[in-house]
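# Coordinate inspection notes
Below are the chains, spelled out letter by letter.
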Amino acid sequence: MTTTSTPVPRSLLVDRIGVLVTNDPGAGEGRLGRILDAALVVEEGRVAWTGPAGRAPAADARVDAAGRCVVPGFVDSHSHIVFAGDRGAEFAARMEGRAYEAGGIRSTVAATRAASDDALLARATELLGEARAQGTTTLEIKSGYGLTVADEERALRVAARLTEEVTFLGAHVVPQEYAADPAGYVDLVTGPMLRACAPHARWIDVFCERGAFDEEAARRVLTAGREHGLLARVHGNQLGPGPGVGLAVELGAASVDHCTYLDGADIAALADPASSTVATLLPGVDFSTRAPYPDARALLDAGATVALATDCNPGSCFSTSMALCIALAVREMRMTPDEALWAATEGGARALRRDDIGHLRVGARADLVLLEAPDPLYLAYRPGVPQVAAVWKDGERVAG
Ligand code: NIG
Ligand code: FE
């Protein structure tokens, strides 16, 4: 599907929607706020009205959904799309039995450092377009393949051309040149690198895992980031049990991502009503690294807030497909289709602490997806089949 951009009508009526998912329990049925035989009106890039088809106010332009369904645009709260090179050979080796290790990141670091600014921007722009054509209307983008002051800063400049949700991940792994002095690298990340990078980012992230950063180093990174006005998010509990989840909750991080290996204390911490940390599950990574899937059922049953994201990156999951995440979450993680769709939309918005996206309440950004399907269940029911008919972001048609 090509990405197109057409002039924005002042108001737009999307009419004859078979199922409209608003994620607003006040507007429709259930947690997804479903309205059947619905219409939706967009004005000035925002949702202005939702309700039964036939009762909608007049608008400048009209799209006939012809009984198909409309859902909020996907909010993919975790990606690493500023990079060069590819690691297809590493994937092939994994499929022959080799384990995924954090060290593979260093090969992307070498390729990224060697790439021009233009090449990095072109590749990231292409991947953003690919995501958009599949219904993603908000994409968080991290640095983390530069790992020098200059290379991290330019990755963030590239990311900031493409999204508002920019994350500084200088603490991705310790680069080769600091292998003998990992503490010196943490000094760099929390000092000169942070000073150069903080103005370009909203978030700070750290890979708290064996082979990357331990709990103490991760705490230092996140605390220093906070002192520079950045909000925390964490990569944790991906490769084994560890301190990532506990640290994220302790520091009030917006999200802890992966959560593949959780113990009872981790689940209790995430489910604690006093915690606002979202558990962001990345099933594409578990699929592509042949890891076990996280226990989404235990998290949901305990009351934790769960988001789904792709983690698109060249190593652990080279996919921009939120529909794939939904299908895996339903088939492999025992989430219901409704829970998975909520996690891929409103869940992602919560992981980014955004209340203007992830739902189609009146006043929300008009980020919406028309699916070539009579029901959003089809996202999981027809895995691997392109089902996005059109995408609007801020009321502007950006795909389809
Ligand atoms: O989220 N876990 C750390 N970082 C990425 C992987 C990056 C890579 O392998 O290049 C992730 O899975
Ligand atoms: Fe990641």
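Model, not experiment: these values are computed from the prediction. (Residues numbered from 1 in each chain as written. Chains lettered and ligands numbered in written order. Predicted model: local features only at pLDDT ≥ 70, side-chain atom pairs only at ≥ 80, totals over all residues.)

## Remarks on the UniProt feature "binding site: Zn(2+)" (unreviewed entry) in the chain
UniProt's feature table lists "binding site: Zn(2+)" (unreviewed entry) at H78, H80, H235 and D311, given in the numbering used throughout. With the annotated positions falling across 234 residues, the maximum pairwise C-alpha distance of 12.2 Å places them together in a single cluster. Positionally, H78 belongs in the loop between β6 (74–76) and α1 (88–95). Taking the number of C-beta atoms within 10 Å as the measure of exposure, H78 has 31 and is therefore buried. On the basis of neighbour counts, which here come to 28 C-beta atoms within 10 Å, the residue D311 falls in the buried class. (UniProt positions renumbered as here; feature names shortened; annotations may be inferred. Helix = DSSP H or I, 4+ residues; strand = E, 2+ residues; numbered from the N terminus. Buried ≥ 20, exposed ≤ 12 C-beta atoms within 10 Å, placed from the backbone.)

## What to know about the site of ligand 1
Ligand 1 sits among 13 residues. The nearest are I105, F207, N313, G315 and S316. Residue composition of the shell around ligand 1, grouped by class: four nonpolar, eight polar and one charged. (Near = placed C-beta within 6 Å. Nonpolar A, V, L, I, M, F, W, Y, C, P; charged D, E, K, R; others polar.)

## With respect to the sheet that holds strand β14 (residues 306–308)
Strand order in this open sheet of seven strands is β8-β9-β10-β11-β12-β13-β14, and the pairing throughout is parallel. The open sheet has two edge strands, β8 (141–142) and β14, and neither has a second partner. The sheet contact formed by β8 and strand β9 (residues 166–171) spans two bridges and is parallel. Pairing of K142 across the sheet is with T167, part of β9. Taken strand by strand, helix α6 (residues 215–227) contacts β9, β10 (203–208) and β11 (231–236), and its axis lies near 175° from that of β10. In this fold helix α12 (residues 337–351) packs onto β12 (255–258), β13 (278–281) and β14, with an angle of close to 100° to the strand it touches most, β14. (Pairing = 2+ DSSP bridges. Contact = placed C-beta atoms within 7 Å. Axes fitted to C-alpha atoms, helices over the stretch in contact; angles between N-to-C directions.)

## Details of helix α2 (residues 105–114)
Looking at α2, one finds that the buried residues are I105, T108, V109 and T112. Each buried residue of α2 sits inside an arc of 110° when the element is viewed along its axis, so together they form one side. Packed against the buried residues of α2 are α3 (117–133) and α4 (149–162). (Arc of directions from axis to C-beta.)

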